[in-house]
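As a plain string of letters, each chain reads:
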Amino acid sequence: MNKENETDVTPSNFIREVVKDDIASNKWEGRVHTRFPPEPNGFLHIGHAKSICLNFGLADEFGGQCNLRFDDTNPTKEEDVYVQSIIEDVKWLGFDWGDKIYYTSDYFAQLYDWAVQLIKADVAYVEDLSADEIREHRGTPTQAGKDSPFRNRSVEENLDLFERMKNGEFADGAKVLRAKIDMASGNLNMRDPVLYRIIKAHHHRTGDTWCIYPMYDFAHGQSDSIETITHSICTLEFEDHRPLYDWIIDTLDVYHPQQIEFARLNLAYTLLSKRKLLQLVEEKHVAGWDDPRMPTISGLRRRGYTPESIRDFCERIGVAKANSTVEMALLEHCLREDLNKRALRLMAVLRPLKVVLVNYPEGQVEELDSPNNPEDPEAGSRKIPFSRELYIEQEDFMEDAPKKFFRLAPGKEVRLKSAYIIKCEEVIKDSSGNITELRCTYDPDSKSGGATAGRKIKGTLHWVSAQHAKSAEVRMYSHLFTKENPADDKESSDLKSALNPESLEILKDCKVEPALAEAQPGDRFQFLRMGYFCADAKNYLSTAPVFNRAVTLRDTWAKIAKKGS
RNA sequence: UGGGGCGUCGUCAAGCGGUUAAGACACAGGUUUUUGAUGCCUGCAUACGGAGGUUCGAAUCCUCCCGCCCCAGCCA
C-alpha cells in the first residue's frame, strides 16, 4: 500500500461494500434506506448498539434514512415501558430517525389483507391441528414432514375460517393460518410455516382490536417492503428465513428489499440475550435493567459510558459473518480514550488513611492550585484546600515496602499531587496492630509550582484535606460473570453459578474533595490515579454523593505487584 | 444421512490471483511525566483450519476432508 492510500483508515465491512456497490450500480436508484427494528420486550443492550450504529450509520454515511420500527407482533411480551426505554436509548446514542416512529402494528390491516390474498391464491390454509400435532407433522431436519389433513381445504372454507378467526370465534391456539409451501423442504422454515395465530390479549398499541396476530416471519419482510427499505440488515440466525421472506414477498408481488445478515456481538464475561438479561432482573441478581453492571445501554449509561465511546467501540469491532466474542478490554479502552480527553481530574480517597503533618502549623489552610485536566489546557485549574490533617489511600502506604514500591513507607518521601513532598516519620497503630494514622513531616520548600519545587520524587499520591473533605459512597463495579462465556452452560438456567460475587463492592466512607459535592447526576470525572467515575444518575445527592466506577485506569503497578507475589 | 452459514496473530478484523499478510485491542520492552495515568518509540502471523489441484504466481480459484455456529416456537 502506498502513501496516498493510507489516508483511508476507516475500516470497512462487507455490508458497507454492498451498499457502495448498489449505489454505484444504481440498484435502488441511489437510495439507502435502512431500519432498526427492535421488539419492545426488553431493554436494548450493547449488541443492539452494534446494529443501531450499523443501520443509522450507513444511512448517515450515504445520505439515506433509517427508520426506528417497533416489531410489536406479540402482545403477550411487549410493553410500552420498553418502547419508551428504547426511544430514550437510541436518542442517547446520538441517532435521529426523523419525525416518525414506525410500528409493525400499524400494518396489521395490510398484513391481514395480504393473508387473505394468499388464501385466495390457494397458498395459505387454516390449520386445525394443535401445536403438538403441527410439530409432529413437521418432521425433523433429516426427515421430511407430512402434509396436514387440513392442507387442502377449499379457498372458500379457508376464507370463511380465517375471517372467523379474526372475529374471535375460536379460542387461543384452536387454529392458525399456514402458508402452503413444501413439507419436504430441507429448510424447516419452508415446511408450511405458521402465518397467523389467535391471541386474545391486549396489545400495547392496538388494544383489543385484534385477536389474531401475524408471526414475525409474516410481518417483518412485508414491513420492510412497505417502508421501501433497501437494505434489510439482520443477524445470522435469520439467514434461513430469507427464502421464506422471498417467497412471501414474491408471491404477494410487492417491493422486495435485500436482506443482508451479519454476526451478532458477543462480549466476554457478560450476556447479550434479552431473555437472560430479563432473568437477571427478575431473579434480582442485579438492581434492574439499568444496573451499572448490565451490558444494557441504560446500564452502561448509568455506569458512566459515553455515547461516543460506545459508537467508537461499534466502529472498531467491525461487521462480519464469523461468530466472535469481543474482549471487554476493547470496550473499556474506548471509554478511557474518550474520558481521558474530557474528564476533569479530581481527588477522592476511597479507603482513607489519616496523615498528620507534624511540622505544619495547626489551623493553617492553604488554597493550592491544581490542573483540571492535563490533556486539556482549556479546562483550567481549581483551588484545593490543604491543611495539617489529610487522608491518603490506604494502599499507598506499606510498612515493609519492596524496592519497587515508590509510594509512602516509613522514612520514605512522596509527593502529594499539587502540594508538598512529605516524609513518613512514624506509624501509629491501634491495640490490635492496625495502622490508624501516619505522622509525617512536609518539606516547605517543595510547594508545588514554587521556585524550589523542582526536587524529583518518584511517587505522587492523591490526597484530600481531612477537615474539608466530603464523605461519599463509591460503588466499585467489575464484570458480572466469572466465566468468559456464561451462556456456555448448556441449557442450565442457573446463571447464578457463573455470577461474579465481587461484581459490586460498595465503599461507604470515601473522602472526596469539596468540589465533588457539587456535581450533577451523570457527571463523569477521573478520580486521580483511581479511575473514571460517574455521579450516579439516580442516587447522587450533594448531601450524600454517590459515584459509580465506570472503568479503572490502566494499572502498571498492579501488574508489577502481581508478578512479584 | 437434511438445510443454511463460518474458519486469517491471545481477541476483533482488513484482504476480492502478484502486498514485506493492514489496523485496533491485548501483551512485552523503552521513553516522557508532580496521575506507576496519558503521550511517544519499538517488538509481536515466512503465515491464512488441513490435504490435494489449477496457475509463471493462491489467504484469495477448484476438489475433498476437518472443525465450529444456526434451524424441528402458535418467540423475535
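Caption draft 1: Highlighting the protein's contact with RNA strand B. Neighbouring RNA strand B are 69 residues, the closest being R345, F406, K417, S448 and T556. Among the atoms of RNA strand B lying within 4 Å of the protein, the sugar-phosphate backbone contributes 64%. With respect to RNA strand B, the side chain of K456 contributes an N or O atom lying 3.1 Å from a phosphate oxygen. Looking at the surface near RNA strand B, the elements that each hand over two or more residues are α5 (131-138), β6 (194-198), α11 (307-317), β11 (324-326), α12 (328-342) and α13 (556-564). Residues that form the surface near RNA strand B fall into these classes: 24 nonpolar, 22 polar and 23 charged.

Caption draft 2: A look at the packing of aromatic side chains. Under the criterion given, the structure shown has 23 aromatic pairs. Ring geometry for W28 versus Y255: centroids 5.8 Å apart, planes at 50°, classification tilted. You can see W28 sitting in the loop between α1 (14-24) and β1 (33-36) and its partner Y255 sitting in the loop between α8 (242-252) and β9 (258-262), a full 227 residues away along the chain. When its relative accessible area of 9% is taken as the criterion, W28 is described as buried. On the basis of relative accessibility, which here comes to 25%, the residue Y255 falls in the partly exposed class. Relative to Y442, the ring of Y420 has its centre 4.8 Å away and its plane inclined at 80°; by these criteria the two rings are edge-to-face. Of this pair, Y420 sits in the loop between β18 (413-416) and β19 (421-429) while Y442 sits in strand β20 (residues 435-443), placing them 22 residues apart in sequence. Judged by its relative accessible area of 4%, Y420 is buried. Note on Y442: relative accessible area 12%, which makes it buried. Through pairs of rings, three or more aromatic residues link up here, namely F108, Y112, F162, Y196, W210, Y213 and F218.

Scoring rules and cut-offs
Residues numbered from 1 in each chain as written. Chains lettered and ligands numbered in written order. Predicted model: local features only at pLDDT ≥ 70, side-chain atom pairs only at ≥ 80, totals over all residues. Heavy atoms only, no water. Near = heavy atom within 4 Å. Polar contact = N/O pair within 3.5 Å; in protein donor to acceptor, adjacent residues only side chain to side chain. Helix = DSSP H or I, 4+ residues; strand = E, 2+ residues; numbered from the N terminus. Nonpolar A, V, L, I, M, F, W, Y, C, P; charged D, E, K, R; others polar. Phe/Tyr/Trp six-rings, centres within 6.5 Å; stacked < 30°, edge-to-face > 60°. Buried < 20%, exposed > 50% of the residue type's maximum accessible area, 1.4 Å probe, protein only.

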